[in-house]
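Fold and contact review
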Amino acid sequence: MVEAVIFDITRNSFVDGPGIRTTVFFKGCNLRCAWCHNPESQLFQPQMMFYQDKCTGCGMCKAKCPNHLETCTLCGICEMYCMADARRICGKTYSMEDVLAEVVKDKSFYDHSGGGVTFSGGECMLQTEFLAEILKRCKEAGIHTAVDTAGHVAWEKFEQVLPYTDLFLYDVKSMDSEVHEKHTGVGNKLILENLSKLFASGAKVWIRMPIMAGVNDSEEEIRALRELVHGKAEKIELLPYHAMGEHKYQGLGMETRFFEVPSKEKMEYLKQLLQ
């Protein structure tokens, strides 16, 4: 039985494609974006998140834990007894039926709003066998499908999901390969090659580019993006950096890196360059 490790399923989303959508977040990613606002998505295996600022010090978690918090087997008992919601297991193994059952709940909303389901991450394309099959089942159920990807995978993986994907939300972090590698751990050659192949295949693509001041907010970046996707992408979204994931880094005991938020004036100027 094919299963997937998923860390969240969000219903009533308006930011992951057209209409009202359910977004399924797969765990595991092969990029390490320095500005990542979902650091819990990076590793494939489930993780325990502990929020020190929420903890009241009641000691219930330690009393109930079979190992008294000396080691963690992710059994979930401490999470169950934590009344302050300071402990949470991030990541759970789902069957195909589990995910489909969640997705179909809001089919009437999808139909009314032109929405559907979006598979995101992490990098959902890394769990390709599960992704291709759940996309197929959603299509058979009459549900619009979208795949949110950074594109750093073999083209063969795209070929597996292409027949069942109505829309690709394609993340472009930087058009400069050196800048891309500095801040994500990998260059952008494969990512841009796959994007060009997607265009050639006739797939519908929305480009999404996070903007960090002083990193990828130059005129050269935006002009290069415009040259690559002009007349090919249905939509281009420039998304200003935010630090909403800061508390998640703390919950995982990870170091947080901060970037400067671009001004509204700068964002408007960059959007004008795209036109």
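A quick note: this is a predicted structure, and the numbers were derived from the prediction, not measured. (Residues numbered from 1 in each chain as written. Predicted model: local features only at pLDDT ≥ 70, side-chain atom pairs only at ≥ 80, totals over all residues. Heavy atoms only, no water.)

For the peptide bond that leads from Gly 121 to Gly 122, omega is 15°, which places it in the cis range. Within the secondary structure, Gly 122 sits in the loop between strand 6 (116–120) and helix 5 (128–140). Phi at Asn 12 is positive, roughly 60°, even though this residue is not glycine. For Asn 12, the location among the structural elements is in strand 1 (residues 3–13). Note on Asn 12: relative accessible area 46%, which makes it partly exposed. We note that Leu 74 has phi near 60°; this positive angle belongs to a residue other than glycine. As for its placement among the helices and strands, Leu 74 is situated in the loop between helix 1 (60–64) and helix 2 (77–81). (Helix = DSSP H or I, 4+ residues; strand = E, 2+ residues; numbered from the N terminus. Buried < 20%, exposed > 50% of the residue type's maximum accessible area, 1.4 Å probe, protein only.)

On to helix 9 (residues 219–229), then. Structural remark: α-helix, 3.6 residues per turn; residues separated by three or four positions point the same way. Among the residues of helix 9, those classed as buried are Glu 221, Ile 222, Leu 225, Leu 228 and Val 229. Projected down its long axis, helix 9 shows its buried positions confined to an angular sector of 125°, all on one face. Within helix 9, the exposed residues directed more than 90 degrees away from the buried face are Glu 220 and Glu 227. The inward-facing, buried residues of helix 9 abut helix 7 (177–184), helix 8 (189–201), strand 9 (205–211), strand 10 (235–240) and helix 11 (264–274). (Arc of directions from axis to C-beta. Contact = heavy atoms within 4.5 Å.)

Our next topic: the pattern of salt bridges. A full pass over the atoms with the stated rule returns 15 salt bridges. Put simply, Arg 137 and Glu 133 hold a salt bridge, and the shortest N to O gap is 3.2 Å. In this pair, Arg 137 and Glu 133 both sit in helix 5, 4 residues apart, roughly one turn of the helix. Residue classification places Glu 133 among the partly exposed residues on the basis of a relative accessible area of 29%. (Salt bridge = Lys/Arg side-chain N within 4 Å of Asp/Glu carboxyl O.)

Everything listed is a geometric property; what it means functionally is a separate question.
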